Structures are given as structure tokens and as C-alpha cells.
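Below are the chains, spelled out letter by letter.
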Amino acid sequence: MKKVILMSLQNVWIGNSPARYQLLEKLEDRGFETYVFVNGHLKQKEKFPFVHHVVNISGMRNKDIRKKIKDISPQVVIASTREDVNGIFLLPWNMKKTAFYYYNLEIYTSYVSAEIKRNNRGIYWLEKMAYPYNKMKEIVFTKKIKAFTIQDSIRKEVSKKFYICHNKTILIPNSYVFDKDKIDGSVGKGVVFTGGIARWGLSDQLYRLEFVKKTPVTFAGRIDSYYWKQIAKLKQTNPNLAFIEQQLLPEQYTDYIRQFAVGFVWYDPPKDDANNCYMGLASGKMFKYLSLGKPIIAMNCFGLSHEIRKYNLGVVIDDISQLDDAYTKIMEKYTFYQENVIRVYKNRYDFNKTIKPFLDCMEKDIEGLH
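What comes next is a walk through the structure. (Residues numbered from 1 in each chain as written. Predicted model: local features only at pLDDT ≥ 70, side-chain atom pairs only at ≥ 80, totals over all residues. Heavy atoms only, no water.)

**Brief notes about the nonpolar core**
- Ile78, Tyr103 and Phe358 are the most contacted members of the largest nonpolar core, which has 65 residues in total.
- For Phe358, the residues in contact, after removing those within four places along its chain, are Leu23, Ile78, Tyr101, Tyr103, Thr149, Ile170 and Ile172.
- Within the second largest apolar cluster, 29 residues are counted, among which are Tyr227, Leu234, Phe243 and Ile297. (Core = buried A, V, L, I, M, F, W, Y, C linked by side-chain atoms within 4.5 Å. Buried < 20%, exposed > 50% of the residue type's maximum accessible area, 1.4 Å probe, protein only. Contact = heavy atoms within 4.5 Å.)

Right, here's the structure in full:
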């Protein structure tokens, strides 16, 4: 059986990364035996039957990780972030019978958040000083891989500005599999924002929620304790707003979103945070809502706003205080928006279709190695 290793060393649970767990599903469908390298244990592994083997690299040195990869002798190794690349960047140069890929999920830049700079200047400067060396590793790795993937043409150009590009680049939106059975046709009620409230993405917009008086809006996920004081005040002045801390499995997450009418896509990162500022089609949040037939309200940010306006997937706003009017506009023409969402998603974003060029490329590369 063909073997594939997916490096997953970023501190993100696979259940929160549809790009990773859907890729693993499709690899299993193609007859691969799957190995996932993680820094720790894979929580609730029984929920991911397409993960055949888990390798816990916690406590392992980079040379031990490389030896483990060589011992497995896979046909394919896939990295998805610079953390994955760090210890294996030279392997594509000497493992001649293994095809390496950079299934890129984040553009690695020198940006370090103001929060870290304020609270831990030591870590801030360590990150800054380590950047050139880590970037060099990423460049060396990318030069010898078989193919590079990124979510859209805008992010492809941004990645190039940070020295990561490849002559075989495949664009794969961070979308979900289209499943008509999961779209129940109901309208639902209110707006939902999932994924939690964190300082890196919201800036001062949270404080303008006081102007949202009519629309029922639910914020669900992890909430930074930094905002609890402001949230307590909003609960008193804006009873239409709800804040719920929770972490759900993929199927639970799907069922939870179904009860709402509209999804809210909200990114407001600092302008020098290129990875998040140019979010574009890397927004898993947006695609989750769309995959369930839900129109969206989105903040005006690079890549997203053009797509939403072009295909009438919802309403773009410049300020969160405009949310009431945006919700009213969608609900007045809900059938129009929902039909557009379903039609466009099925034809343009369905992961079953968007992942196929990458998997076909991989199969062809493997044949060429033998």
C-alpha cells in the first residue's frame, strides 16, 4: 500500500482544520496508508478513522523525526506550515524516491503580534531574530518539492513577496465538501460568528457592537479573557447579542450552524499582518457557512469582498455597526441569496472538485519516481 505522511506540527487540533482532515479522507480514498505527525496526542482519534497511524514527535529531536520518516519510507510527505518544514527542510534533497509537497495553509511572515511585544518582549525578539533562518529553511524546502498549493491568486502573489513560490502551484480554496443532504432548506434565524473572539483579528470593531441593536447575533467559540469586561457590558445594553464558549466536533459544528440564517465573516487584523490581512479564500469560516447554504455578511477585506460581491453570496460591510442593515437586506431576498450560494458553491468551491488536481498531480509524480 502507498504511504503518505502529513506533518501537522502546528498547535492546531485536526478537528479544527478541515484542510487537513478532508485531505486525509481523500488520501485514504485514493488507497494511501496515512501517517500523521503531531506534537502530542491526537485527541479523539476514534473520530478520524482515515488517520491510520499517529506519530507523537513530542520530545523528539529533528534528526529523530527525520529518521522516523525515513524508516516509514513513504511515497509522499506533505507539509502545511513552516513548523512542519523546520526539521525536514533538507529531506526533499536526499530522499529521491519520496515526493514532497507544501500544502500551504499560512503565509509565513516576520509579523509578531503587538500583544506578544507588549507582554513578552523576550519572545518577541526571539521570533524576530529567528525569522531569517526559518524563512531560509522554508525557501530551501520549497525549491525541491514537487508542487506547492495555496488558496487563491492573491495569496499566491503575497506568498511570492515572502520568497515562497513554485512553478507548479495549485490553487485550492480552504473549502468543504459539498453535501446537498446537509442543506435542509430552512431559513433559520439570526447571525452566527464562530471560531471565537481573539485580539489578533478584531481590533477595535468589537466596541462598535453597541450599535447593533436589532439583529440577533451569536458569537460562539473561544473568547479571549481580555474581552470579558466589554462583553459583560454589551450583554446589559444589547440583549440581542449572545456569547457562547464552546469547542465542537466537525459534525456538531455543522448541526449548530444550521439553526442560523446568516454567517458572519469578520477579520480585521493589523495591516502589516499579511497572512491574515489577505485572508481571501483561506477563510474556512466563510466556506463552512456557504457549504450549508447560508448567505454571509462579511467585513470588507482583501479577496473576500470581491468574491462575495461578484457571486452575490451575501453583503459586504465596512463597519460592524452596519450589521443590522445588512441582515435586513439579506432576509428580504433570502431565497435569492441562498440559491446563489448553493449554485456557486457546488460549481466553484466543492472540495471534491478543488482537491482533485492536487491528488492527480501526486499520483502522476509517484509513478514518475519508479
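So that's the structure; there's more coming.
**Considering the packing of aromatic side chains**
- For the structure on display, the rule yields 21 aromatic pairs.
- Relative to Phe148, the ring of Tyr102 has its centre 5.7 Å away and its plane inclined at 65°; by these criteria the two rings are edge-to-face. Pair noted here: Tyr102 is in strand 5 (residues 99-103) and Phe148 is in strand 6 (residues 147-150), with a separation of 46 residues, a long-range link.
- Taking the relative accessible area as the measure of exposure, Tyr102 reaches 0% and is therefore buried.
- Phe148 gets classed as buried once you look at its relative accessible area, which sits at 1%.
- Through a chain of ring-to-ring contacts, the aromatic side chains of Phe193, Phe219, Phe243, Phe264 and Trp266 assemble into a single cluster.
- Its guanidinium or amino end placed over the ring of Trp13, Lys43 lies 5.5 Å from that ring's centre, counting from NZ or CZ. (Phe/Tyr/Trp six-rings, centres within 6.5 Å; stacked < 30°, edge-to-face > 60°. Helix = DSSP H or I, 4+ residues; strand = E, 2+ residues; numbered from the N terminus. Lys NZ or Arg CZ within 6 Å of the ring centre and 35° of its normal.)

**Some remarks on the sheet that holds strand 12 (residues 296-299)**
- Spatially, six strands are ordered 10-9-8-11-12-13 in an open sheet, and the strand pairing comes out parallel. Strands at the two margins of the open sheet, each flanked by one partner only, are strand 10 (241-244) and strand 13 (314-317). On average, each strand axis in the sheet is inclined to that of its neighbour by 20°, with strand direction left out of account.
- Here strand 11 (residues 262-265) pairs with strand 12 via three bridges, running parallel. Within the sheet, the bridge partner assigned to Phe264 lies in strand 12 and is Ile297.
- Contacts from helix 12 (residues 284-291) reach strand 8 (191-194), strand 11 and strand 12, with the element oriented near 170° to strand 11. (Pairing = 2+ DSSP bridges. Axes fitted to C-alpha atoms, helices over the stretch in contact; angles between N-to-C directions.)

**Quick word on a nonpolar patch on the surface**
- Residues Trp125, Leu126 and Met129 make up a contiguous nonpolar surface patch of roughly 360 Å² in combined accessible area.
- Inspection of the secondary structure puts Trp125 in helix 6 (residues 121-144). (Patch = residues over 30% accessible without salt bridge, like charges linked within 9 Å, V, L, I, M, F, W, Y side chains within 5 Å. Areas by Shrake-Rupley, 256 points an atom, 1.4 Å probe, with all protein chains shown as cover. Salt bridge = Lys/Arg side-chain N within 4 Å of Asp/Glu carboxyl O.)

**As for unusual backbone geometry**
- Of note in this structure, Ser73 is not a glycine but carries a positive phi near 55°.
- Its location among the elements puts Ser73 in the loop between helix 2 (62-72) and strand 4 (76-79).
- Since its relative accessible area comes to 46%, Ser73 is described here as partly exposed.
- Residues other than glycine seldom take positive phi values, yet Asn312 does so here, at roughly 50°.
- Considering the arrangement of structural elements, one finds Asn312 in the loop between helix 13 (304-311) and strand 13.

**Some points on the pattern of salt bridges**
- Evaluated as defined, the whole model comprises 13 salt bridges.
- When the shortest N-O distance is used, the salt bridge between Lys182 and Glu251 registers 3.3 Å. Here the residue Lys182 occupies a position in the loop between strand 7 (169-171) and strand 8, and Glu251 occupies one in helix 10 (residues 250-258), the gap between them amounting to 69 residues.
- A salt bridge links Arg348 to Glu307; the nearest nitrogen and oxygen atoms lie 2.8 Å apart. In this pair, Arg348 sits in helix 15 (residues 334-349) while Glu307 sits in helix 13, placing the two residues 41 residues apart along the sequence.
- Judged by its relative accessible area of 6%, Glu307 is buried.

**Some details on helix 6**
- The end-to-end C-alpha distance of helix 6, which contains 24 residues, comes to 36 Å, matching closely the 34 Å that a straight helix rising 1.5 Å per residue would cover.
- Of the positions making up helix 6, those classed as buried are Tyr124, Tyr131, Asn134, Lys135, Lys137, Glu138, Phe141 and Thr142.
- Each element contacted by the buried residues of helix 6 is listed here: strand 4, helix 3 (82-85), helix 4 (91-94), strand 5 and helix 5 (114-119). (Expected span 1.5 Å × (residues − 1).)

**A word on the environment of Asn16**
- Note on placement: Asn16 falls in the loop between strand 1 (2-8) and helix 1 (18-29).
- A relative accessible area of 42% means that Asn16 is categorised as partly exposed.
- Between the C-alpha atoms of Asn16 and Leu248, which are 232 residues apart in sequence, the distance is 8.7 Å.

**As for the side chain of Thr109**
- Of note, Thr109 is situated in the loop between strand 5 and helix 5.
- Discounting chain neighbours no more than four positions away, the residues touching Thr109 are Tyr131, Phe162, Ala274 and Asn275.

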